[in-house]
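In case you want the letters, here they are:
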Amino acid sequence: MAGHVYLPVGHLPPWARLSEEKEEGMRAQQQEKEAEKEGGGGGGKRRKVAADVTIDLDILDCPVCYLLLRPPIFQCTVGHTICSSCHDKLQEKCHFCSLPTVYNRCHMVEHVVESVKVACSNCNHGCTTRIAYYQKEDHEKGCPHAPCFCPETGCGFSGPTAMLLEHFSGKHKWHSPKVTYNKAFRIRIHVGSTVLVGEDGNLFLVNMTMESRGGVISVCSVQPHITGSSFRCKLTLSCAEPSFSQSMEFLMRSSNLYDGFPKDCFQFLVPKVLLRGTGTSATAMVGVTVTPQ
Ligand SMILES: [Zn+2]
Ligand SMILES: [Zn+2]
Ligand SMILES: [Zn+2]
Ligand SMILES: [Zn+2]
């Protein structure tokens, strides 16, 4: 596997053979020279100029377990490197030399893995972070620019929540009222989707489907990561004639909607007699309170 990475020029050890094209190499050298000119030679200072080079990313894997090398990294007396968890298991014998050995920290390779910087996969969605290659996965698990998905069947749109909101109201014409937290408000829910827009930009998707017993309402919080903020939701329904009232309070399930609207949300049933209209044009007037946890 090869990929484009940014390296401080002149920071690669001899074992990291770059398969860069000649032209790219010359361009890098040129950039390096220019940087030296600008920085007055640097006097041995670490050169921070980035060059667009191609590197075989496999060399950044532990050769024993194939997981990404990350500090601390160890080497045998000959120079074979292994990751820290393999080091814990293979302390006395090198996997390659098959000889008794003493492992030491390999600071040189640690510097290399620290300096191989890559772009976040969400760069197209506005993330400008460049992270060490071995930290990419961890960063992306919590990247605030990670996309959420349009749950509509056959629609492949994905993007950060702000773009998703534009898409929901522009493309699908879903009603998208703003909500003030901790405050009850009444809203007319239609069959299909309604988007509630929190005062801090968080999105909540309300879904109503029709079943033989009435309208079934589910609410979920739209977030790129499961570890995001959590919200409680209170739904109320009341009617004077016939006299009826019910309420339900629950912790909202959060989802990036990758698999569509989540199927395992709490369900709030609106009896048929309290719906206005029938079939897909049925609506229900429901009280909603959203509370951040
Ligand atoms: Zn390993
Ligand atoms: Zn060895
Ligand atoms: Zn990111
Ligand atoms: Zn869509």
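Here we summarise the structure given alongside this text. Residue positions are counted from 1 within each chain, in the order its sequence is given. Chains carry letters and ligands carry numbers; both start at the beginning, A for chains and 1 for ligands, and go up in the order they are written. For a predicted model such as this one, the threshold for reporting local features is a pLDDT of at least 70, and the threshold for listing and counting side-chain atom pairs is 80 or more; totals across whole chains, interfaces and linings nevertheless cover every residue. The side-chain figures draw on all heavy atoms in the structure; neither hydrogens nor water molecules are used.

## Regarding the overall build of the chain
Secondary structure elements follow DSSP: runs of H or I of four or more residues count as helices, runs of E of two or more count as strands, with numbering from the N terminus. Regarding its fold elements, the chain presents five helices and 19 strands. Buried means the residue's accessible area, taken with a 1.4 Å probe over protein chains only, is under 20% of the maximum for its type, while exposed means over 50%, and partly exposed covers the values in between. Relative to its full complement of 293 residues, the chain shows a buried share of 40%. Note on contacts: a residue pair qualifies if any of its non-hydrogen atoms lie within 4.5 Å across the two residues. Considering only intrachain contacts with a sequence separation of at least 6, the fraction spanning at least 24 residues in the chain is 53%.

## Re the nonpolar core
Put simply, a nonpolar core is a bunch of buried Ala, Val, Leu, Ile, Met, Phe, Trp, Tyr and Cys residues held in one set by side-chain atoms that sit within 4.5 Å of each other. Counting residues in hydrophobic clusters, the biggest one holds 26 residues, and the most contacted among them are L69 and V113. Elements represented by at least two residues in this core include exactly β3 (73-75), β4 (81-83), α3 (107-115) and β7 (130-132). Here this core takes three residues from α3, the largest share from any one element.

## So, the sheet that holds strand β5 (residues 104-105)
Strands are treated as partners if at least two bridges between them are detected by DSSP. Spatially, β4-β3-β5 is the arrangement adopted by the three strands of the open sheet, whose pairing is antiparallel. If you trace the sheet from one side to the other, it starts and ends with β4 and β5, each paired once. Here three bridges tie β3 to β4, and the two strands are oriented antiparallel to one another. Paired with Q75 across the two strands is T81, which belongs to β4. Axes, fitted as lines to C-alpha atoms, cover a helix only where it is in contact. Angles between the N-to-C directions of the axes lie from 0 to 180 degrees. Docked against the sheet, α3 engages β3, β4 and β5, running at close to 145 degrees with respect to β3.

## With respect to the coordination of the zinc ion (ligand 3)
Each metal site is built from N, O and S donor atoms within 2.8 Å (3.2 Å for Na, K and Ca), and since water is not included, such sites may look incomplete. Taken together, the protein ligands of the zinc ion (ligand 3) are C120 (SG), C127 (SG), H139 (NE2) and C143 (SG), with distances of 2.1 to 2.3 Å. Taken together, the four donor atoms coordinating the zinc ion (ligand 3) span angles of 104 to 112 degrees at the metal, a pattern that classifies the geometry as tetrahedral. Spacing between the donor residues of the zinc ion (ligand 3) along the chain follows C-x6-C-x11-H-x3-C. With respect to burial, C120 and C127 carry one shared label: buried. Only two sets of limits are used to name each site, 85 to 135 degrees for every angle of a tetrahedral four-donor site, and over 155 degrees for opposite donors with all other angles from 65 to 115 for a square planar four-donor or octahedral six-donor site, with any other site named irregular.

## A look at the coordination of the zinc ion (ligand 4)
Only C150 (SG), C155 (SG), H167 (NE2) and H172 (NE2) from the protein coordinate the zinc ion (ligand 4), and they sit 2.0 to 2.2 Å from it. Around the zinc ion (ligand 4), the four donor atoms sit at angles spanning 98 to 124 degrees, and that spread fits a shape best called tetrahedral.

## Notes on the pairing of strand β18 (residues 268-271)
Going residue by residue along β18, you find F268 and V270 tucked away on one face and L269 and P271 left uncovered on the opposite face. Sheet topology places strand β14 (residues 214-222) next to β18; four bridges connect them, and they run antiparallel. Its bridge partner being in β18, V216 is matched across the sheet by L269.

## Focus: the environment of H225
In this fold, H225 is placed in the loop between β14 and β15 (231-239). The class of H225 is buried, set by a relative accessible area of 14%. When the C-alpha positions of H225 and A146 are compared, they lie 7.9 Å apart, and in sequence the two are 79 residues distant. Residues within four places of H225 in sequence aside, it is in contact with E140, K141, G142, C143, P144, A146 and S254. Pairs of N or O atoms are called polar contacts if they sit within 3.5 Å, as long as, within protein, a hydrogen donor faces a hydrogen acceptor (for residues adjacent in sequence, only side-chain-to-side-chain pairs). For H225, the side chain forms a polar contact with the main-chain oxygen of C143, separated by 2.6 Å.

## Some details on the pattern of salt bridges
Side-chain pairs of opposite charge can arise where the charged atoms are in close proximity. We define a salt bridge as a side-chain nitrogen of Lys or Arg found within 4 Å of a carboxyl oxygen belonging to Asp or Glu. Going through the model one piece at a time under the given rule, you end up with six salt bridges. Here E110 ties to R105 by a salt bridge, and the two come within 2.6 Å at their closest N and O atoms. Across the pair R213 and E211 runs a salt bridge, and its minimum N-O distance is 3.0 Å. Accessibility expressed as a relative area gives 32% for E211, which makes it partly exposed.

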